Each structure stands twice: as structure tokens, then as C-alpha cells.
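Spelled out, the chains give:
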Amino acid sequence: MAEVILMPRLSDTMTEGVIAAWHKRVGDTVQKGDLLAEIETDKATMELESYQDGVLLHIGTPDGGKLQVNDLLAIFGKPGEDITELVKIHGGGAIAAIPTAESVAASTVEPAEPAAASIPTNVAPTTDFASMEEVVLMPRLSDTMTEGVIASWQKNVGDIVKKGEVLADIETDKATMELESYKDGILLYQGAKAGEKILVNDLLCIIGKDGLDVAAIVNGLKAGASAVSTPVAETTPAAPSAPAALVVAAEPIVEQAVVNSGRIFASPLAKRIAAEKGIDLKYVKGSGDNGRITKIDIDQYTPAVTQAATAAPAAKSATPAVSNAVAGQVSYTDVPVSQMRKVIAKRLSESLFTAPHFYLTMQIDMDAAIAARTKINEVAPVKVSFNDLVVKATAMALKKHPKVNSSWMGDFIRYNDHINIGVAVAVDEGLLVPVVRFADGKSLSQIGAEVKDFAQKAKDKKLQPSDWEGSTFTISNLGMFGIDQFTAIINPPDACILAVGGISQEPVVKNGQVVAGNIMKLTLSCDHRVVDGATGAAFLQTLKQLLEEPVRMLV
């Protein structure tokens, strides 16, 4: 008897899931434990395994489709089994036709070469091009992503692509991430060139067999959705001739040894810097794991070519290292807004203008914390910073004041039993907030090691969505920049954020005497819909006690 599989709830806040990719097709035999599909939730993209044997008779939605929790996901049964009634009961209608590779090939017009194909005007309107196996749509690589920028293509039109190989580096609002192919085939079409944007679920590329009518697919997607960029397979415009000032006498170019062949492993940051400097990565020797090329390798790389070979790339640099502004003359440079800055602007504007903020500031005597840190670092396996002390003390204070460790959810307030502290990390493009999970149960050394690892990953653009999702409270520390005191905007959905200033020597009164003291100022930004003034003040008092008497953290 056929069995219905409903969309499971894969996270505590999940209400719907997007099918990132089906790994089984209608008619496939599935065994228990086989990977059935990849489901994109509000937190991450997760693999869904089959918990039974059978034949996949029906899927609720194709790749890229969205289903609510408990909607019809799939039906398993025996070959030829009638599932019409099950689909009507659970799917709310008739069986949706899920095109297979054979049906797609039969419905398209006569195959033509991808680069020279003319776009027909009589494409069958019933064909669901977006669900075709050969079509790859721009995936949602983070919870706030609405569009992605093609940082670079690792495969060109006409290249053979194997499952697991990196197709492209996609710049999201949070990081630059490698996108791997989930199928074998030939890259027949690219939806955008390097540096261009593609909206989530718009056409990214087409991977299939030689002879597939690419133009018909592109035209069909244009008719049913937003316009798609011009195929990269078309003739590339000739590069502009070099300015006369750059023309030099021909010199023999020293032949370079190719260090890397085939797939080249390099960090996204290294790839970006190499592209800006015009460095071909196949000549660069990597010092990372498995020969992975890092930023240091690019910085230390010296090309064995003459000045004639390097003049053009040097002139290609988009941002001058030194300003060429003329004194007394108005000038400016317009720089496109990055994905990260767009999302920072959107989310923090919503936070500031939606959540009623109020601020509480308290001075902390850090004399005891300074002495304790010195002794801790004499025996600690990882050097502990003052920020690590603040994270630990904050986690313990949140345990005593759960109202501060909460979120405004519209119709209800969520009081979190777990304590996940987001630590703001500055990067060139903006700000990332990786999360130290269950911070109240971790030692100072564990917190220190985790924060340092996150900071390095953020600078190298290696943070994953799972690293920055799920905070219940946020800390922003500008003390290392010499800032004494500031206010921070709440990082939603958290109800509070703690702004940490630097430690400075100020005159204080101790035992009736004015002496020099080490003072640090903390400012708590609170969402008044959730946290009242007395609640925030009580939290700061507990935090003050923990930092002024660090031995309390060991109890």
C-alpha cells in the first residue's frame, strides 16, 4: 500500500521548506537511508533521508518549490499503484506532472548548437522549464539572501562538469561561498557573468548533454519569470586597446611553471585578490591543506614575467591605492553597494525603527579582572582576552535573567532556555555575527579558541550559515579601537545587545582615597517591547558583580 510522506519540521522555528534538490526522481527505487532530497529551512539546508524502502511514485513540488510543514512531500509505493486519491486528499488537487529528462527532450524543438541557437517563439507554454533537471537556479545560501553576485566562474561554457566540482563562487550578503554541482554534464549556459547579480531562484546555469536546445529553455524562463542575462557562450566583446602610455617595446616573457592543473583549491578571498591583481592561480603554489591557496600565498607570489606582461593587469585595478584628488577640486568615487551592506542597512533600519530602543550604561571596575586574566593566561592553553571574560560573564548573567535572553515574536515573546551569544566581528565589507553556542557551559579557554577561530574564518570569508544563525544575545566590542563608550543597534531577533568600551585609567574613590582605577563602560541596548528598565538594570548589576569579582565565574 502506498505511503504518504509529509514535509517534516526540521528546526524549531521552521514553518516551510524549499526543495533545494531532489536526489531521487519519480520512478526511482529508494532504499531506507538513501538521500531523498535537500531541504532548505529557515536555519540551514539539510539532507532528508528515506526511512523506508519503495518506489518514489510522486513528489509534492519540483526543485526550488516551497512546501509548508505537513504538506505533501512525496508518496512511496509499488510500481503502477494508483495514488490519485492520496494526492487529492493530501495535495489538494490532481497529480502534478513532474517532467523527466525524456519528456523534456521530447517536448523541445529540434536540437541546435547552444552558442548559435535562435530563440523560437512557439515554445510550448505548458513546459515547466524551472523544474527541468538540466536547469540550475540560484540557491538561497543564507537565511537573509535575496540575490547573489557571481564572484567568479570555476567552469566555462563547454566544460565538462562532474558532481561535486565547484561551479562558481557566489557572493551573498554574509560571505563568498563555493557552489558545487549536484550532477554530471556539460556546462551549456551561464545566467550571468562574473560580477553580475542573480536573484534567488533565477536561472544560474544549464548543465546537460550536448545538443540540448538551450535557447528554448532560456526563452521559456524569460516568458514565465524575470529576464535572464545574455548567455556567456555568445561572442565576448573585444577588450579595449591599451592606452598609448602603456605600450612598451616587446620583451621576451619568462615562461612560468604550471603548479596546479585541473581543479584549483583556493579560498574565496585568495581568488578575489588574485582576480584583482590579474594573477593566474595555476601558477601559484598553495601552502594550505591539500595545496589550498590562501591570501598569504597571493601576497607572497611574484610572477616570473616582464613588465610588459604585467602592465595591463596593474592598470586594470578598479580602486586606486592612493587618492588622485586635486586640491581645491570637487571629486568623489561611487562604489556599488555590496550584498552584505544591503542586508546590514535593511535589517538594522528595521530594528531601529521598529523596536523601541532604550539604553542603560554602567561602569565596571576592571582591576580584579586584569589581575585574574594575567593569572589565567599563565596556565590557559589558549590566551584569554577581556572580550572572552565579558562573553563568559554575560552568559552567566543571562542564566539568572532569562527575560533579557528573549525575542519579540509579534504575537508572543520567546524566552530562550539556551544561551547563544553572537559576537560581532568587523570585516572589510561590513559586520558578521558568529555565534558561540551554549556559552554558559563553556570554559574561558573554549570561548577564547572559538571566538578566535570565528574571527579568522570571517576575515577569510569561510563562515557558513550555521555559524551566524541562532543567537539569543549579541555583544559588540569596540574597546580595542580606543572607543570608551557607544550605543549599538539591536541585532534581531535578539531583545538586547551589549556595547563594550575600552578599559581606561580614571580617578576613582577607594577606601576614602582618590586613586587610579581601570574602568570599562558597558551600554545595554534593550527592546522595550520585551525588556523593561528594571530588568535591564538587574542584568547589568549581575554582570558587574561577575566582572569585578571574576572568582564568581568559577562557582
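Residues numbered from 1 in each chain as written. Predicted model: local features only at pLDDT ≥ 70, side-chain atom pairs only at ≥ 80, totals over all residues. Heavy atoms only, no water.

**Comments concerning a nonpolar patch on the surface**
Together, L352, F353, Y359 and I489 line one region of the surface with nonpolar side chains, adding up to about 400 Å² of accessible area. Mapped onto the secondary structure, L352 falls in helix α7 (residues 339–354). You can call L352 partly exposed: its relative accessible area is 35%. (Patch = residues over 30% accessible without salt bridge, like charges linked within 9 Å, V, L, I, M, F, W, Y side chains within 5 Å. Areas by Shrake-Rupley, 256 points an atom, 1.4 Å probe, with all protein chains shown as cover. Salt bridge = Lys/Arg side-chain N within 4 Å of Asp/Glu carboxyl O. Helix = DSSP H or I, 4+ residues; strand = E, 2+ residues; numbered from the N terminus. Buried < 20%, exposed > 50% of the residue type's maximum accessible area, 1.4 Å probe, protein only.)

**Some thoughts on the sheet that holds strand β4 (residues 35–40)**
If you walk across this open sheet you meet the four strands as β5-β4-β2-β7, and the pairing is antiparallel. Two strands lie at the open edges of the sheet, namely β5 (45–49) and β7 (66–68), each paired on one side alone. Neighbour to neighbour, the strand axes of the sheet diverge by 40° on average, direction disregarded. Both β4 and β5 contribute to a ladder of five bridges, which runs antiparallel. Along β5, the bridge assignment pairs I39 with M46. (Pairing = 2+ DSSP bridges. Axes fitted to C-alpha atoms, helices over the stretch in contact; angles between N-to-C directions.)

**Observations concerning helix α9 (residues 386–400)**
An α-helix turns once every 3.6 residues. As a result, residues three or four positions apart point the same way. Under the 1.5 Å per step criterion, the end-to-end length of α9 is 22 Å for 15 residues, consistent within 8% with the ideal 21 Å. Within α9, twelve of the 15 residues are buried, leaving the element largely enclosed by the surrounding structure. Listing the buried residues of α9 in full gives N387, D388, L389, V390, V391, K392, A393, T394, A395, M396, A397 and L398. (Expected span 1.5 Å × (residues − 1).)

**Examining the pattern of salt bridges**
Inspection of every chain in the model, using the stated rule, returns 15 salt bridges. Measuring nitrogen to oxygen at the nearest pair gives 3.6 Å for the salt bridge that ties D63 to R25. Here D63, found in the loop between β6 (54–59) and β7, pairs with R25, found in the loop between β2 (16–22) and β3 (29–30); they are 38 residues apart in sequence, far enough to count as distant. Under the relative-accessibility criterion, R25 is labelled partly exposed at 25%. When the shortest N-O distance is used, the salt bridge between K510 and D367 registers 2.5 Å. Highlighted residues: K510 in strand β25 (residues 496–510) and D367 in helix α8 (residues 367–379), separated in sequence by 143 residues. Each of D365, D367 and K510 takes part in a single network of salt bridges with overlapping partners.

**Here we look at the packing of α9 against helix α12 (residues 533–548)**
At a minimum axis distance of 9 Å, the contact between α9 and α12 shows a crossing angle of 135°. In this view, α9 runs oblique relative to α12, as classed from their interaxial angle. Seen along the crossing, α9 lies across α12 with a hand that is right-handed. Only F539, T542, L543, L546 and L547 of α12 make contact with α9, whose side of the interface consists of L389, V390, A393, T394, M396, A397, L398 and K400. Taken together, the residues that form the contact of α9 with α12 break down as ten nonpolar, two polar and one charged. (Parallel < 35°, antiparallel > 145°, perpendicular 65-115°, else oblique. Left-handed = near helix turned anticlockwise from the far one by under 90°. Contact = heavy atoms within 4.5 Å. Nonpolar A, V, L, I, M, F, W, Y, C, P; charged D, E, K, R; others polar.)

**Quick notes on the pairing of β25**
When strand β24 (residues 473–477) meets β25, the two strands line up parallel, connected through four bridges. The residue bridging I475 from the neighbouring strand is L498, located in β25. In the sheet, β25 pairs with strand β26 (residues 513–527) via 13 bridges, with the strands oriented antiparallel. Note that in β26 the partner of V509 across the bridge is V514. If you look at the hairpin formed by β25 and β26, you'll find two residues sitting between the two strands, and N511 has a positive phi there, around 55°.

**Brief notes about the packing of aromatic side chains**
What the rule picks out here adds up to one aromatic pair. Here F473 and F539 contribute two aromatic rings whose centre-to-centre distance is 5.7 Å and whose plane-to-plane angle is 50°, an arrangement assigned as tilted. In this pair, F473 is assigned in strand β24 and F539 in helix α12, connecting sequence segments 66 residues apart. Overall, F539 belongs to the buried group, its relative accessible area being 0%. One cation-aromatic arrangement involves R373 over F386; the distance from NZ or CZ to the ring centre is 4.5 Å. (Phe/Tyr/Trp six-rings, centres within 6.5 Å; stacked < 30°, edge-to-face > 60°. Lys NZ or Arg CZ within 6 Å of the ring centre and 35° of its normal.)

**Quick look at the sheet that holds strand β1 (residues 3–6)**
With respect to topology, four strands assemble into an open sheet ordered β1-β8-β6-β3, the strand pairing being antiparallel. In this open sheet, the two edge strands, each paired with only one partner strand, are β1 and β3. Note that β6 and strand β8 (residues 72–77) share four bridges and pair antiparallel. Bridge pairing links V55 to G77 in β8.

**Thoughts on the nonpolar core**
The biggest cluster of nonpolar side chains holds 71 residues, and the ones touching the most others in it are L204, L498 and L547. For this core, the element with the most residues is α9, which contributes eight residues. Discounting chain neighbours no more than four positions away, the residues touching L498 are V390, T394, F473, T474, I475, S476, L522, T523, L524, L540 and L543. Of all hydrophobic cores here, the second largest spans 15 residues; its members include I5, V30, A37 and L48. (Core = buried A, V, L, I, M, F, W, Y, C linked by side-chain atoms within 4.5 Å.)

**A word on the environment of L137**
Here L137 shows up in strand β9 (residues 135–137). Using a relative accessible area of 18% as the deciding quantity, one classes L137 as buried. On a C-alpha basis, the gap between L137 and G191 in space is 9.1 Å, while along the polypeptide they are 54 residues apart. Not counting chain neighbours up to four residues away, the residues in contact with L137 comprise A130, N201, D202, L203 and L204.

**Some details on the pairing of β24**
When you tally the buried positions in β24, you get five out of five residues, the bulk of the element. As paired strands, strand β20 (residues 421–423) and β24 are joined by three bridges and run parallel to one another. In the sheet register, V423 faces β24, and the bridge partner there is I475.

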